[in-house]
Amino acid sequence: MGSSKSDLRSTIYPEPIDHLDQLPDPVLLLVFNKIGDVKTLGRCCGVCKRFHSLVPQVDTVVVRTDCVISDDNSSSSSSSSSSSTSDKSRHPISSLFRFVFHGLVKPFQSLTQLISVSCSASSSSSSLVDDDDDFERTHHSPTQVLKNFDGIKLLRIELPTGELGIDDGALLKWRADFGSTLHNCVILGASSVIQPVSFGDGDDLVEEQCGNNGETDNGTIPESFYTNGGLKLRVVWTISSLMAASARHYLLQLIIAQHKKLENLVLTDVDRQGVLCMNREQLEELRVKPLSASSASKRTMVPALNMRWWYAPHLELPDGTVLKGATLVAIRPSEQPKKEVVGPDGNWVAAAFEEPYGTAARMLVNRRTYCLEMNSF
């Protein structure tokens, strides 16, 4: 009788089944790889012992940094924003630019602090991440957070903002590929960006605002470009982008050395201002051939360069977006063989940017080309 009651109870109230626990490890790893975000993965570690053992095996990880640490440890959290601005203004690179270029570029952020310094008390080295409370309060460098991941193949790190301050309405984007040193860099800039607007009767006003201000665009750089500070501003953009890229590259050394399985590495920022990329061959090159560091600051030495410039005072894209003072710079080390911008090697310049800026790059390379050289620094 008792057995019948027990059977009846189990029929009416069956034992709950953990369907997630029935999934094989490869399927769970596939799910964790789709998650990617290191904070979420850290919380998954606290769910159960099985998750805790599987998460370090993921091969795709995204790390989003969310703070810039001040040099002044005595500053309070309420004044962290002003302290960060003050720290940036004291950066030696920004001081040099303010002296030479009269403040055309806002100061660099301290990337060294951002990547390689912990904001607060460290956690136990045996755990992958802190518990929830500590995790919300503390900030650790990507090197610390990733130290217990042993199977990473694809790694993406996002900074909270771009390093280079530009005027409101201006455009500045760069992409750089590195091995042990710079392989190539592409920079796209514009003094202003006018988005497509349709107001019916106001079309004439929009057309007038987007005009060339009386300048004849015959494919050459107008004389006013040299006299109104346009050339100097582009030089600042170029050097600043190269220094930002080389600073990012320098700070990736330890991560690359610790993760031997890494095949693809991207270091970008939320503003999508700059993107540093390294593929499997480039990562292996850095492991075999140590980078050459600049004695002036914590960044990779930039080699002697060949640069090709294109300029358009007024560039209207197919979607109606207008770039004023559009400038494209393609940069490669002087020691490397020349690589065609458009040809058998593919349009590597246009491929550096997402649309509509890839289209802007393709339009610019059809204009007159200006060649420049730059010494290493």
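Predicted model, so just to flag it, every value in this text is computed and none were measured.

Here we look at the overall build of the protein chain
Secondary structure assignment for the protein chain yields 15 helices and ten strands. Across the 377 residues of the protein chain, 45% fall into the buried class. Intrachain contacts of the protein chain at a sequence separation of at least 6 include 70% that bridge at least 24 residues. For the protein chain, the accessible surface area stands at approximately 19,900 Å², while carbon and sulfur atoms represent 52% of it.

With respect to the packing of aromatic side chains
Enumeration according to the criterion identifies three aromatic pairs in this entry. Their ring planes at 85° and their centres at 5.8 Å tell us that Phe225 and Tyr226 sit as a pair that is edge-to-face. According to the relative accessible area criterion, Phe225 is buried, its value standing at 3%. Here Phe225 and Tyr311 contribute two aromatic rings whose centre-to-centre distance is 4.4 Å and whose plane-to-plane angle is 50°, an arrangement assigned as tilted. Within this pair, whereas Phe225 is found in helix 11 (residues 224-227), its partner Tyr311 is found in strand 8 (residues 305-316), the two being separated by 86 residues in sequence. Among the aromatic residues, those joined into a ring-pair cluster are Phe225, Tyr226 and Tyr311.

Let's talk about the nonpolar core
Ranked by size, the top nonpolar core spans 57 residues in total, and within it Phe32, Val61, Phe149, Leu155 and Ile331 carry the most contacts. In terms of residue count, the dominant contributor to this core is helix 12 (residues 230-250) (seven residues). If we skip the residues at most four places from it in the chain, Ile331 touches Leu182, Asn184, Cys185, Ile187, Thr238, Leu242, Leu305, Asn306, Met307 and Trp348. Residues Ala312, Ala326, Ala352 and Ala360 belong to the second largest nonpolar core, which totals 22 residues.

Let's talk about unusual backbone geometry
Put simply, Glu355 and Pro356 share a cis peptide bond, and its omega is 5°. With respect to the element layout, Pro356 can be found in the loop between strand 9 (322-333) and helix 15 (357-364). With a phi angle near 55°, Arg272 is a residue other than glycine that sits in the positive phi range. The topology assignment puts Arg272 in the loop between strand 6 (264-269) and strand 7 (274-278).

Some details on a nonpolar patch on the surface
Taken together, the side chains of Val27, Val31 and Ile35 present a nonpolar region at the surface, about 190 Å² in accessible area. Note on placement: Val31 falls in helix 2 (residues 25-35). The class for Val31 is partly exposed, based on a relative accessible area of 39%.

Quick notes on helix 3 (residues 38-45)
Every buried residue belonging to helix 3 is among Val38, Leu41, Gly42, Cys44 and Cys45, and all of these are buried. Buried residues of helix 3, seen end-on, are gathered within an arc of 155° and therefore sit on one face of the element. Against helix 2, helix 4 (49-54), strand 1 (60-64) and helix 9 (142-145) lie the buried residues of helix 3.

Looking at the confidence of the model for the protein chain
The share of residues in the protein chain with pLDDT of 70 or more is 67%, and the mean pLDDT across the chain is 76. Contacts for the low-pLDDT stretch residues 129-138, under 50 throughout, to residues beyond four places or in other chains number 13 contacts. Of the regions scoring below 50 in pLDDT, residues 201-210 engages in nine contacts with residues more than four places distant in sequence or in other chains.

A closer look at helix 14 (residues 280-288)
The α-helix advances 3.6 residues per turn, and as a result positions three or four apart in sequence lie on the same side. Every buried residue belonging to helix 14 is among Gln282, Leu283 and Leu286, and all of these are buried. The buried residues of helix 14 occupy one face: seen down the axis, they fall within an arc of 100°. Along helix 14, the residues that are exposed and aim more than 90 degrees away from the buried face are Glu281 and Val288. The elements touched by buried residues of helix 14 are strand 3 (171-178), strand 4 (182-190), helix 12, helix 13 (253-258), strand 6 and strand 7. Capping the start of helix 14 is the job of one residue whose side-chain oxygen sits 3.2 Å from the backbone nitrogen of Glu281: Asn279.

Parameters and conventions
Residues numbered from 1 in each chain as written. Predicted model: local features only at pLDDT ≥ 70, side-chain atom pairs only at ≥ 80, totals over all residues. Heavy atoms only, no water. Helix = DSSP H or I, 4+ residues; strand = E, 2+ residues; numbered from the N terminus. Buried < 20%, exposed > 50% of the residue type's maximum accessible area, 1.4 Å probe, protein only. Contact = heavy atoms within 4.5 Å. Areas by Shrake-Rupley, 256 points an atom, 1.4 Å probe, with all protein chains shown as cover. Phe/Tyr/Trp six-rings, centres within 6.5 Å; stacked < 30°, edge-to-face > 60°. Core = buried A, V, L, I, M, F, W, Y, C linked by side-chain atoms within 4.5 Å. Patch = residues over 30% accessible without salt bridge, like charges linked within 9 Å, V, L, I, M, F, W, Y side chains within 5 Å. Salt bridge = Lys/Arg side-chain N within 4 Å of Asp/Glu carboxyl O. Arc of directions from axis to C-beta. pLDDT = per-residue confidence, 0-100. Polar contact = N/O pair within 3.5 Å; in protein donor to acceptor, adjacent residues only side chain to side chain.

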